[in-house]
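# Notes for the structure review
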There are 2 protein chains.
Amino acid sequence: MSFTIKDVAKLANVSIATVSRIINNQTGYSEKTKKKVLEAIEELGYEPNAVARGLINKRTHTIGVLFPKLSSTLVTDLLSGIEKATHDVGSSVIVCHTESNGEKTMKYLQLLNEKRIDGIIFTSAPLLEEYYQYIKKMNVPMVLLSTETYAHPVPYVKVNDRHAAYTATQFLINKGHKKIGMISGNKDDIISGKPRIDGYISALQDNNLLVDEKKIIFNRGFSFYDGMDSLKILLKQAPDITAVFAASDELAIGAISSAYQLGIKVPDELSIIGYDNLSIAEMSVPPLTTVAQPLTEMGEMAANMLFEMLDSDKLIESRIMPHKIVERKSVRDQEV
Amino acid sequence: MSFTIKDVAKLANVSIATVSRIINNQTGYSEKTKKKVLEAIEELGYEPNAVARGLINKRTHTIGVLFPKLSSTLVTDLLSGIEKATHDVGSSVIVCHTESNGEKTMKYLQLLNEKRIDGIIFTSAPLLEEYYQYIKKMNVPMVLLSTETYAHPVPYVKVNDRHAAYTATQFLINKGHKKIGMISGNKDDIISGKPRIDGYISALQDNNLLVDEKKIIFNRGFSFYDGMDSLKILLKQAPDITAVFAASDELAIGAISSAYQLGIKVPDELSIIGYDNLSIAEMSVPPLTTVAQPLTEMGEMAANMLFEMLDSDKLIESRIMPHKIVERKSVRDQEV
DNA sequence: TTGTAAGCGTTATCAG
DNA sequence: CTGATAACGCTTACAA
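Note that this is a predicted model, so its numbers are computed, not measured.

## Thoughts on the interface of chain A and chain B
Of the residues lining the interface, 55 residues belong to chain A; the matching set on chain B comes to 55 residues. In this structure, the connection of chain A to chain B is made through zero salt bridges. Counting every contact that joins chain A to chain B gives 22 residue pairs in polar contact (both at pLDDT 80 or more). Listed by contribution, the elements that provide at least two residues to the side of chain A that touches chain B are α4 (50–57), α5 (73–88), β2 (92–97), α6 (102–114), α10 (224–237), α11 (249–262) and α12 (279–283) of chain A. Classifying every residue of the side of chain A that touches chain B gives 26 nonpolar, 21 polar and eight charged. Pairing of β2(A) with strand β2 (residues 92–97) of chain B involves three bridges; the strand directions are antiparallel. Bridging from a neighbouring strand, Val95(A) pairs with Val93(B) of β2(B).

Structure below.
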């Protein structure tokens, strides 16, 4: 039912080549024919077929974004930034939910390849060798978002997790806390697990505070439930702590919930600092003090980098985004 | 760098027609040539070009999903369901963030039209006449998700808002509450504003309880901040209430935050019930009792309906999804 | 069972 | 300034 460039050409009494020139803002036609053609386009309500264009131009103006999860506002914030930057340049984004599943991821990659998308943003998960090799073969640019790889020269945008964790811990120390526990993610997660633990430990050491294995809880993930369980265990192992650094906001809010159940007042009896600054951080009771990642900006940045690579295909530098403490009500001064 | 069907044909020493038949599982070739071709495909790592296929088949295996916001877990839950169902049939989803902006929406619709997507899911916002007309012209199926329209025969999937609100209010009444306030969304929002207010009022009336304008707060939206402000005003206007029904979880959690600031204990001094059952509901302190919408299932349902329409192009019925109360800790019995 | 060739809706390279 | 015409990578009659 859609009209084609042929219909326009016929109605305007010109060749399709001329119509093509006009809709692509090229040169080589008179004002008069331009007007004639534009009127024909208007009259028919013609809109060019991006599929046909994609076939010949080898550019689909579509990018693929891979997410391990589609469930927290971390994703929405990231996605929101990507979507904005992408739409601003007239492209669109296809979302792919991999569930951290290798097979699903490969299937998605194949789908994206068949669709001949222009580029890939790979978020929040380790870039396995298999993925890298496949994407390399696809021959499209890719940028890593909220993750990075040491094995290959792929540009990324993320905060420095180790540094951010250090900042969070130091913040607690500055408030007078000396016995500080940590609820961490997976210590085998080399991207966002280990570095945050390292940051915590470094801060302790730099302040001559004892590092105590009992004060660190290792989890599988970064979820609310992990946080709930963790606080209970932590309190059993190290009842004397006055503050805890949680490696994600969900973990932190889980801990707050646990504290509430246990009758422990936050921050009066226990201070808690989170990591991420999701929207839930300001909704919690008490509002969560946390180290903020500029998630939306990171998404925008990643998309913009991708488009830059697309246009110039020169190498591009990675970006370490700034983090900062957002102080709310879940941490209080600790008298010495 | 990608190989084409021609390369495969040449390597296998057959015509491209034969290759096409084989990769499309048609009939009309010997086992021997099939084997030969499959080997060639394997050797080259050939993957069909979906763009070229789309051009000729008039099917892009891509759908567009329009969201007014990309910021809450309501969206992620919906999206997650859509994504799953879509990927299960080998299609992909393009996300469009309209910001409830008419101009942006129209631009998106145009983009989707140029991309020749197969269908549209329109979520959580009123389907303006202008949108409807445009989509009608696009001549692709559409389904409404978490919204509906009275002006046109467009299938939708949503819960019955009025009924769900009634259920929530009745739940409060069953717990012994008689003075029940409501924090509502926009009363001019005919989809999810007005019906929830009506449901609340009906429940009151059916139980011979007084309906008092002062006990209802009208907001612009459904946000956390609206909820914070609302509770303060509500308490000023009607200090004797023992329970409140909030028209969204964010509203409810905003109210809980306000109560906390005001030194009012939830649920001991004030019971609060929400609406949506987002993931934040279980993370709040106290955990929020709320009426649940099966968001992920709704997303899946909408996508499946779309594909059904695509395959059969017969008319399809709308679905009223079931709601239910999820009882947690924010509502308590009220002694008479 | 197989191959040839005509499209699908564009863009781009030629001539004129 | 304008118009044929050959791609782009595929599917599908129609022949062989």
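## What to know about the protein's contact with DNA strand D
As a matter of local geometry, DNA strand D sits amid 27 residues, with Arg21(A), Thr33(A), Ile5(B), Ser20(B) and Tyr46(B) nearest to it. For DNA strand D, the fraction of atoms within 4 Å of the protein that belong to sugar or phosphate moieties is 65%. In this structure, a phosphate oxygen belonging to DNA strand D sits 2.9 Å away from a main-chain N or O atom of Ser30(A). Lys58(A) places a side-chain nitrogen or oxygen 3.1 Å from a sugar or linking oxygen of DNA strand D. Broken down by class, the residue content of the surface near DNA strand D amounts to twelve nonpolar, eleven polar and four charged.

## Notes on the protein's contact with DNA strand C
Neighbouring DNA strand C are 29 residues, the closest being Ile5(A), Ser20(A), Arg21(B), Thr33(B) and Ile56(B). For DNA strand C, the fraction of atoms within 4 Å of the protein that belong to sugar or phosphate moieties is 64%. Asn24(A) is positioned with one of its side-chain polar atoms (N or O) 3.0 Å from a phosphate oxygen of DNA strand C. Within the contact set of DNA strand C, a phosphate oxygen lies 2.8 Å away from a side-chain nitrogen or oxygen of Arg53(A). Listed by contribution, the elements that provide at least two residues to the surface near DNA strand C are α1 (5–12), α2 (16–23) and α4 of chain A together with α2 (16–23) and α4 (50–57) of chain B. The element contributing the most residues to the surface near DNA strand C is α2(A), with five residues.

## Thoughts on the packing of aromatic side chains
Residues and elements named next belong to chain B. Applying the stated criterion to the full structure yields six aromatic pairs over all chains. Taking the centre distance of 5.8 Å and the plane angle of 45 degrees together, the rings of Phe122 and Tyr131 count as tilted. Each member of the pair, Phe122 as well as Tyr131, is classed as buried. Ring centres of Phe224 and Tyr225 lie 5.3 Å apart, and the angle between their planes is 80 degrees; this geometry places the pair in the edge-to-face category. By relative accessible area, Tyr225 is classed as partly exposed at 44%. Directly above the ring of Phe218 sits Lys187, whose terminal nitrogen or CZ lies 4.3 Å from the centroid.

## So, helix α10 (residues 224–237) of chain B
With 14 residues, α10(B) should reach 20 Å at 1.5 Å per residue; the first-to-last C-alpha distance of 20 Å fits that figure. Listed in full, the buried residues belonging to α10(B) are Phe224(B), Asp226(B), Gly227(B), Met228(B), Ser230(B), Leu231(B), Leu234(B) and Leu235(B). Of the surrounding elements, those touching the buried residues of α10(B) are α12 of chain A together with β6 (180–183), β7 (216–217), β8 (243–246) and α11 (249–262) of chain B.

Parameters and conventions
Residues numbered from 1 in each chain as written. Chains lettered and ligands numbered in written order. Predicted model: local features only at pLDDT ≥ 70, side-chain atom pairs only at ≥ 80, totals over all residues. Heavy atoms only, no water. Contact = heavy atoms within 4.5 Å. Salt bridge = Lys/Arg side-chain N within 4 Å of Asp/Glu carboxyl O. Polar contact = N/O pair within 3.5 Å; in protein donor to acceptor, adjacent residues only side chain to side chain. Helix = DSSP H or I, 4+ residues; strand = E, 2+ residues; numbered from the N terminus. Nonpolar A, V, L, I, M, F, W, Y, C, P; charged D, E, K, R; others polar. Pairing = 2+ DSSP bridges. Near = heavy atom within 4 Å. Phe/Tyr/Trp six-rings, centres within 6.5 Å; stacked < 30°, edge-to-face > 60°. Buried < 20%, exposed > 50% of the residue type's maximum accessible area, 1.4 Å probe, protein only. Lys NZ or Arg CZ within 6 Å of the ring centre and 35° of its normal. Expected span 1.5 Å × (residues − 1).

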